[in-house]
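# A structural walkthrough
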Number of protein chains: 2
Amino acid sequence: MAGSTATGKTRTLGGAGEDKAGTICRAIRRAIVERALRPGDRLPEDALGERFGVSRTIARHALGQLGSEGLVDLRRNRIAVVATPSMEEARDTFDIRIELERLVVKALAGRLEPDQIAQLRAHVEAEQAARGGSEATSIRLATEFHVLLAEMTGKSILTRYVNEVSYRCGLMLSAFSRPHSSECAVSEHSEIIDALIAGDSENAMRLMSTHLEDVAERALLVAPEARSRDLMDILAPYAEEAAGSPARPRRTKR
Amino acid sequence: MAGSTATGKTRTLGGAGEDKAGTICRAIRRAIVERALRPGDRLPEDALGERFGVSRTIARHALGQLGSEGLVDLRRNRIAVVATPSMEEARDTFDIRIELERLVVKALAGRLEPDQIAQLRAHVEAEQAARGGSEATSIRLATEFHVLLAEMTGKSILTRYVNEVSYRCGLMLSAFSRPHSSECAVSEHSEIIDALIAGDSENAMRLMSTHLEDVAERALLVAPEARSRDLMDILAPYAEEAAGSPARPRRTKR
DNA sequence: GGCATCATGATTGCATGCACTATTGGTCAT
DNA sequence: ATGACCAATAGTGCATGCAATCATGATGCC
């Protein structure tokens, strides 16, 4: 399906004995936060396998992983699809994220090494530079800022969870937020770094809370029209005028 | 290796189109909290598959899942083993767990339905009844109490995470806590229920925090002799007296 | 024309087979 | 006796094949 010659297999994942399933996971996660993949998009095992140059077994393994992270919905005998979170799930996920990231800044306040500070500054700079560019890059960088912070704690479990909820929140944004509504958070990132350097853990935690609450609010409260991507709700307004129009909507994506 | 005839396959998982990998996961999780499986125990794919009556593929899938939950260590080309958490990981996991379960009681305070209350009371009663019985049952019931609470919030993501950290904490207890050191928490469970019924969310959160902190403290601070299960540290005291004794320690479990 | 029924293709569920890697016990030289 | 080297074995990594299940378009009936 994807452009690959019959002779030369699509050696996208070729490499050495790396983690092939993990590579697929990373790619899909990234595609989701960048909104290249949107909720409901189908992820057939063999298409994935072919695209990444591996067999269905590996693609399946990757999908299982993503399913356990809540990024894809996995139902028996059904094609895997990018998860379509509900409004309640979105709210809950942000609540959890806030508490987790409060732990992050609490652990980090006053303990940042100079090279870490430089790395964070550079990241924020990259975020600022990307403001004019594609929205996908902005969102990805914003997500990666939080992941970067978590990694700096050195706490592997906390890092893993922050990773998960961050990507999940990216999915939420994709599901609910209107285009161009999740920008302008770059300065808040800077403020958090400042508070961390100052060692003011209380302030850093407060800043992180409000920052995430802002993101959630912008994403979740804005755009009541698009609150739900449930098919029935989406089509409700159209159903009103569908009396005389023979336009037959196609359900599948491609 | 496990006793199964060559002719009659071990139809432990026979059933209909259920979730075979999930069944294996549940079994192993439970075995871990009940300390039937201890950190470092080996989990070979084919042994698992044979035991549960499925192929390696499924066993492998289950192991991948457990690996992503942090219950087993998965290294390339190596036999999967029950994870051996470090002291720091244990502390971090408890920190995360406290915040998550605070969210649980916050969501539940004053919102428990009568049947839910009855269910909780019954569970605590079962815990009390199990105090004389096997330690494994006590630990499992204690863990399940927290999981039950989380499920009652109706928040699927929160439930999933509480599930994960609870089982992980069970593993931590298995790794660090001495036998019979994690009992006597039943009354604290009752107090939490009371606070939830009273609708005093602040008090409930405080009780939950201290309850979990107690558990962590009992598990992590007690028994400095067994703080680390690293092979070198474990053998350190023995190395002193190993001068004249020909006792050759076997490294592998079975 | 609208609706239920069925057949075909698409897709997953799972087991098995082969290749490769790590481990383990033995062997040989020192 | 001790240490390094090597062969046999156990175990994983991965692809492929077959059966089962679901989705979708075609057909026939009303």
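Computed from a prediction, not measured in an experiment: that's the story for all the values here. (Residues numbered from 1 in each chain as written. Chains lettered and ligands numbered in written order. Predicted model: local features only at pLDDT ≥ 70, side-chain atom pairs only at ≥ 80, totals over all residues. Heavy atoms only, no water.)

What follows is about helix α8 (residues 186–198) of chain A. Residues and elements named next belong to chain A. Across its 13 residues, α8 extends 19 Å between first and last C-alpha, which sits within 8% of the 18 Å expected from 1.5 Å per residue. Its buried side turned inward, α8 meets α4 (87–108), α5 (114–129), α6 (135–152) and α9 (201–220). Positive backbone phi, approximately 80 degrees, marks G199, located one or two places after α8. (Helix = DSSP H or I, 4+ residues; strand = E, 2+ residues; numbered from the N terminus. Expected span 1.5 Å × (residues − 1). Contact = heavy atoms within 4.5 Å.)

Further remarks concern the packing of helix α2 (residues 45–52) of chain A against helix α3 (residues 56–68) of chain A. All names here are of chain A. Interhelical geometry of α2 versus α3 gives an angle of 110 degrees and a closest axis separation of 8 Å. Put simply, α2 runs roughly perpendicular to α3. Regarding α2 and α3, the two cross each other, and that crossing is right-handed. On the side of α2, the interface is formed by E45, D46, L48 and G49, while α3 contributes R56, A59, R60 and L63. Looking at the contact of α2 with α3, its residues break down into 3 nonpolar, 1 polar and 4 charged. (Axes fitted to C-alpha atoms, helices over the stretch in contact; angles between N-to-C directions. Parallel < 35°, antiparallel > 145°, perpendicular 65-115°, else oblique. Left-handed = near helix turned anticlockwise from the far one by under 90°. Nonpolar A, V, L, I, M, F, W, Y, C, P; charged D, E, K, R; others polar.)

Residue and element names in this part refer to chain B. Here we have 3 strands laid out as an open sheet, ordered β1-β3-β2, and antiparallel in their pairing. Sheet topology places β1 (42–43) and β2 (72–73) at the edges, where each strand pairs with a single neighbour. Bridge count between β1 and strand β3 (residues 80–82): 2 bridges; the pairing is antiparallel. Looking at β3, one finds that L43 is bridged to A80. (Pairing = 2+ DSSP bridges.)

Once that is clear, we can look at the protein's contact with DNA strand C. Surrounding DNA strand C, one finds 17 residues, the nearest of these being E45, R56 and R60 of chain A together with S55 and R78 of chain B. The contact in question runs from a phosphate oxygen of DNA strand C to an N or O atom on the backbone of N77 of chain A, over 3.2 Å. In the model, a phosphate oxygen of DNA strand C is placed 2.9 Å from a nitrogen or oxygen of the S55 of chain B main chain. Elements with a contribution of two residues or more to the surface near DNA strand C: α2 and α3 of chain A together with α3 (56–68) of chain B. A per-element tally of the surface near DNA strand C places α3 of chain B first, with 3 residues. Of the residues assigned to the surface near DNA strand C, the class counts are 4 nonpolar, 4 polar and 9 charged. (Near = heavy atom within 4 Å. Polar contact = N/O pair within 3.5 Å; in protein donor to acceptor, adjacent residues only side chain to side chain.)

Here we take up the nonpolar core. Within the largest apolar cluster, 63 residues are counted, with the highest numbers of intra-cluster contacts made by I96, L149 and L196 of chain A together with I96, L149 and L196 of chain B. Here L196 of chain B is in contact with V105, L108, A109, G110, L112, L149 and A204 of chain B, once residues within four sequence places are set aside. (Core = buried A, V, L, I, M, F, W, Y, C linked by side-chain atoms within 4.5 Å. Buried < 20%, exposed > 50% of the residue type's maximum accessible area, 1.4 Å probe, protein only.)

Bringing the packing of helix α4 (residues 87–108) of chain B against helix α7 (residues 156–176) of chain B into the picture now. Residue and element names in this part refer to chain B. Closest axis-to-axis distance for the α4/α7 pair is 9 Å, and the angle between their directions is 145 degrees. Every pair of crossing elements has a handedness; the one defined by α4 and α7 is left-handed. Residues M87, E89, A90, T93, F94, I96, R97, L100, E101, L103 and V104 of α4 pack against L158, Y161, V162, V165, S166, R168, C169, M172, L173 and F176 of α7.

Let us look at the interface of chain A and chain B. In this complex, chain A contributes 27 residues to the contact, which on the side of chain B involves 27 residues. Across the interface of chain A and chain B, roughly 2400 Å² is buried in total on both sides, 56% from carbon and sulfur atoms. When the buried area of chain A at its contact with chain B is split by residue, I96, I157 and Y161 of chain A rank highest and sum to 25% of it. Where chain A packs against chain B, one counts 2 salt bridges. A salt bridge links D92 of chain B to K155 of chain A; its shortest N-O distance comes to 3.1 Å. Linking chain A with chain B are 8 residue pairs in polar contact (both at pLDDT 80 or more), by the criterion used here. Going through the elements one at a time, α3, α4 and α7 (156–176) of chain A are the ones with two or more residues in the side of chain A that touches chain B. Classifying every residue of the side of chain A that touches chain B gives 7 nonpolar, 8 polar and 12 charged. (Buried area = accessible area lost by both parts, 1.4 Å probe. Salt bridge = Lys/Arg side-chain N within 4 Å of Asp/Glu carboxyl O.)

Around DNA strand D lies a shell of 19 residues, among which S55 and R78 of chain A together with E45, R56 and R60 of chain B are the nearest. Among the atoms of DNA strand D close to the protein, meaning within 4 Å, 74% are from sugar or phosphate groups. S55 of chain A is positioned with one of its backbone polar atoms (N or O) 2.9 Å from a phosphate oxygen of DNA strand D. Between DNA strand D and the protein, one listed contact pairs a phosphate oxygen with a side-chain N or O atom of R60 of chain B at 2.2 Å.

Below, the discussion takes up the domain arrangement of chain A. Residue and element names in this part refer to chain A. Here the domain parsing of chain A yields domain 1 (20–82) and domain 2 (87–223). Its C-alpha centre places domain 1 at a distance of 25 Å from the equivalent point of domain 2. Taken together, the contacts link 14 residues of domain 1 with 15 residues of domain 2. The three residues of domain 1 that bury the most area against domain 2 are V33, E34 and R35, which together make up 47% of that side's buried surface. Across the contact surface, domain 1 and domain 2 share 1 salt bridge. The salt bridge partner of R140 is E34, with a shortest N-O separation of 2.5 Å. Taken together, domain 1 and domain 2 are joined by 4 residue pairs in polar contact (both at pLDDT 80 or more). Ranked by residue count, the leading element in the side of domain 1 that touches domain 2 is helix α1 (residues 20–33), at 4 residues. Partitioning the side of domain 1 that touches domain 2 into residue classes produces 6 nonpolar, 2 polar and 6 charged. (Domains from an automatic or database assignment.)

It is worth spelling out the relation of the copies chain A and chain B at this point. Superposing chain A onto chain B requires a rotation of 180 degrees together with a translation of 0.0 Å along the rotation axis, leaving an RMSD of 0.1 Å. Here the symmetry operator amounts to a two-fold rotation axis. When the interface residues of chain A are mapped onto chain B, 100% of them again lie at the interface, so the same face is used by both copies. (Least-squares fit on C-alpha atoms with pLDDT ≥ 70 in both.)

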